[in-house]
Amino acid sequence: MLQHRYLPMTKQDQEEMLKVIGVQSIDELFAAIPEKVRFQGEYKLKKAKSEPELLRELSRLAAKNADTKQYTSFLGAGVYDHYIPTIVDHVISRSEFYTAYTPYQPEISQGELQAIFQFQTMICELTGMAVANSSMYDGGTSLAEAAMLCAGQTRRKKILVSKTVHPESRAVLHTYAKGQNIEVIEIPYKDGVTDIEALEAELNEDVAGLIIQYPNFFGQVEPLKEIEPLIHEQKGLFIVSSNPLALGLLTPPGTFGADIVVGDVQVFGIPASFGGPHCGYFAVTEKLMRKIPGRLVGQTVDEDGKRGFVLTLQAREQHIRRDKATSNICSNQALNALASSVALSALGKQGVQEMAHQNWQKTHFAMEIFKEKGFELPFHGPHFNEFVVNIKTSVRDLNKKLMEQGIIGGYDLGREYPELADHMLIAVTELRTREELEDFAKEMGDICESNSINF
């Protein structure tokens, strides 16, 4: 068996470097460290393998994973199995994009800057907002940053957030708020959407902002038109966290008077992987442009009138005085933002609308199948991508049995919502076929029937 490995430094290289710095051995480099504190033993690690052996072992381990190429997935809850045009991988694998970092020198970073500019433009078109930044780490940090912007802009210390907002995003919000001494109040839901009466009871002149998810974590479409005036009457800011794919079908939050729209563009061109990396977006009204975290890429012309791109605004602590900075977010997800831009360009406006329409249509078709099977759907009203089913048994146990049938089941809502124990959140995307939906409902029905569950 060949034992060849890639060694960036040969023994000859090592000897030459030691000679240059004037020492005889590697041990001499550590002479200043007392012998008694040095580790003298061997680490409890597996014996090193040859490259072919290692590749075989890693391939064997990887084959144990249940992925969406071999299994039919109905798991969503923030990460979705969507169509990704083949051209996405081709473009983002090009070295000029794949290896690019922050475009501080615009004269040699025009391609990267133009890609970011196009991402910003597309986000503005989808959300109906005036300005979007160059991207954020993910949807959760975008949401938390939006809340901090509200607190700074209004000089108030209270944020309201609906319990229909993604639980992980709410967790990030609480973490951010603790450091800033901001009070976070969670508003309960009623029939799967934000309880308006409970919201009105919490609204007052101390509230900096209100956060609503659209569509929400349960897949239901929140009544933004009804909610928006409630927060603006108190001179607070309205934050909407939105799935950008849904905006190919739904009225954009900007039309309803949102001040800040945030979310995650994983739905466009970014594979589910194991929950990351993602790419958040952050869009605001023109009034809030100078408060936006991260940075903005702008379009300009040079002295000869030739079109060019530059970093227009960088209100982050890396560039300006910390007490003046809007955020300590020091980077953006340029490569993933590029993936989303390429996916959006490949789909085009009609393609995005068609993709969104299929998600809507197939979700409601699946809901009807489950109703016919006798399952209870506790929430009513329009849904997008996801819906909730009461299976009246352990979701965890049911999912284990579904896995045996080559199906990745839905999300166990009881993990975050105790009152929804035995309820499954099912995601249906444009990739799911009629046969897959019917088989899924049948398998769930058969498993529940074998467990003697009465719907």
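Quick note: structure is the one above.
Starting from 1, residues in each chain are numbered consecutively following that chain's sequence as written. Reporting in this predicted model follows two pLDDT cut-offs: at least 70 for local features of residues, and 80 or more for side-chain atom pairs to be given and counted; totals over whole chains, interfaces and linings ignore these cut-offs and use all residues. The basis for the side-chain values is all heavy atoms of the structure; hydrogens and waters are excluded.

Participant: So what exactly am I meant to see when it comes to the overall build of the chain here?
Facilitator: Secondary structure follows DSSP: runs of H or I at least 4 residues long count as helices, runs of E at least 2 residues long count as strands, and numbering of each begins at the N terminus. When its secondary structure is counted, the chain shows 13 helices and 16 strands. The C-alpha extent of the chain, read off along each of the three principal axes, is 80 × 65 × 50 Å. Residues classed as buried in the chain amount to 49% of the 455 residues present. Across the chain, every contact between residues at least 6 apart in sequence was considered, and the portion connecting residues at least 24 apart equals 70%. When the accessible surface of the chain is split by element, carbon and sulfur atoms take 51% of a total near 24,200 Å². For the exposure calls, accessible area comes from a 1.4 Å probe over protein chains only, and a residue counts as buried if that area is under 20% of its type's maximum, exposed if over 50%, partly exposed in between. Residue contacts follow a heavy-atom distance rule, with two residues in contact if any of their heavy atoms lie within 4.5 Å. Here the accessible surface of atoms and residues is derived via Shrake-Rupley with a 1.4 Å probe, and residues count as covered only by protein chains that are part of the display.

Participant: Looking at this structure, how should I read the sheet that holds strand S13 (residues 386-390)?
Facilitator: Note: strands within a sheet are paired through backbone hydrogen bonds, in either parallel or antiparallel orientation. If you walk across this open sheet you meet the 3 strands as S13-S16-S15, and the pairing is antiparallel. Each edge of the open sheet is held by one strand with a lone partner, namely S13 and strand S15 (411-412). Any two strands with at least two DSSP bridges between them are considered paired. Bridge count for S13 against strand S16 (residues 423-427) is 5 bridges, and the pairing is antiparallel. By the bridge assignment, Val389 is partnered in S16 with Met424. Packing against the sheet, helix H12 (residues 395-404) makes contact with S15 and S16, and its axis sits at approximately 45 degrees to S16. Simply put, an axis is a line fit to the C-alpha atoms, just over the touching stretch for a helix, and the angle between two N-to-C directions goes from 0 to 180 degrees.

Participant: How should the packing of aromatic side chains be read in this particular structure?
Facilitator: The geometry of two aromatic rings is summed up by the distance between their centres and the angle between their planes. Each Phe, Tyr or Trp ring, with Trp reduced to its six-membered ring, pairs with another whose centre is within 6.5 Å; inter-plane angles below 30 degrees give stacked pairs, above 60 give edge-to-face pairs, and intermediate values give tilted ones. Enumeration over the complete set of coordinates arrives at 15 aromatic pairs. Note on Tyr214 and Phe256: the rings are 6.4 Å apart at their centroids and 80 degrees apart in plane angle, and the pair reads as edge-to-face. Residue Tyr214 is found in strand S7 (residues 207-214), and its partner Phe256 is found in the loop between strand S8 (237-242) and strand S9 (260-264); the two are separated by 42 residues along the sequence. Through a chain of ring-to-ring contacts, three or more aromatic side chains come together here, namely Tyr189, Phe217, Phe218, Phe379, Tyr411 and Tyr417.

Participant: I would appreciate a short explanation of the side chain of Ser242 in the present structure.
Facilitator: Here Ser242 is to be found in strand S8. A distance of 2.6 Å separates a polar side-chain atom of Ser242 from the backbone oxygen of Tyr214. Those residues in contact with Ser242, other than ones at most four positions away along the chain, are Tyr214, Leu247, Pro253, Val261, Val262, Gly263, Asp264 and Tyr281. Within 3.5 Å is the distance limit for a polar contact, defined as a pair of N or O atoms, with the added protein rule that one can donate a hydrogen and the other accept it, and that residues adjacent in sequence qualify only through two side-chain atoms.

Participant: Help me understand the pairing of strand S3 (residues 158-162), please; the structure alone is not making it clear to me.
Facilitator: On a regular strand, one side chain projects to one face of the sheet and the next to the other, so that they alternate. Counting buried positions along S3 yields 5 of 5 residues, so the element is predominantly enclosed. Side chains of S3 alternate between two faces, with Lys158, Leu160 and Ser162 and Ile159 and Val161 buried alike. In the sheet, S3 pairs with strand S4 (residues 183-187) via 5 bridges, with the strands oriented parallel. By the bridge assignment, Ile159 is partnered in S4 with Val184. Seen with the strands pointing away from the viewer, any crossover whose path from the first strand over the helix to the second strand runs clockwise is right-handed. Handedness of the β-α-β unit built from S3, helix H8 (residues 167-179) and S4 comes out right-handed. Direction of pairing for S3 relative to S7: parallel, over a ladder of 4 bridges. Looking across to S7, one finds that Leu160 is bridged to Leu210.

Participant: Sorry if this is basic, but what is going on with a nonpolar patch on the surface here?
Facilitator: Patch definition: residues above 30% relative accessible area lacking any salt bridge, with like charges linked at up to 9 Å and the nonpolar side chains Val, Leu, Ile, Met, Phe, Trp and Tyr linked at up to 5 Å. Throughout this description, the term salt bridge denotes a Lys or Arg side-chain nitrogen within 4 Å of a carboxyl oxygen of Asp or Glu. A contiguous nonpolar patch, built from Val20, Ile21, Ile26, Leu29, Phe30, Ile33 and Val37 and spanning about 660 Å² of accessible area, is present on the exposed surface. At the level of secondary structure, the elements contributing two or more residues to the nonpolar patch comprise helix H1 (11-21) and helix H2 (26-29). Of note, Leu29 is situated in helix H2. Residue class for Leu29 comes out partly exposed when judged on its relative accessible area of 44%.

Participant: How do you make sense of the pattern of salt bridges when you look at a structure like this?
Facilitator: Pairing between side chains of opposite charge can happen when the charged atoms of each approach one another. Within this structure, the stated rule accounts for 10 salt bridges. Lys46 serves as the salt-bridge partner of Glu57, at 2.9 Å between the closest nitrogen and oxygen. Residue Glu57 is located in helix H3 (residues 51-62), and its partner Lys46 is located in the loop between H2 and H3; the two are separated by 11 residues in the primary sequence. Here Glu438 and Arg434 are joined by a salt bridge, their closest N and O atoms 3.2 Å apart.

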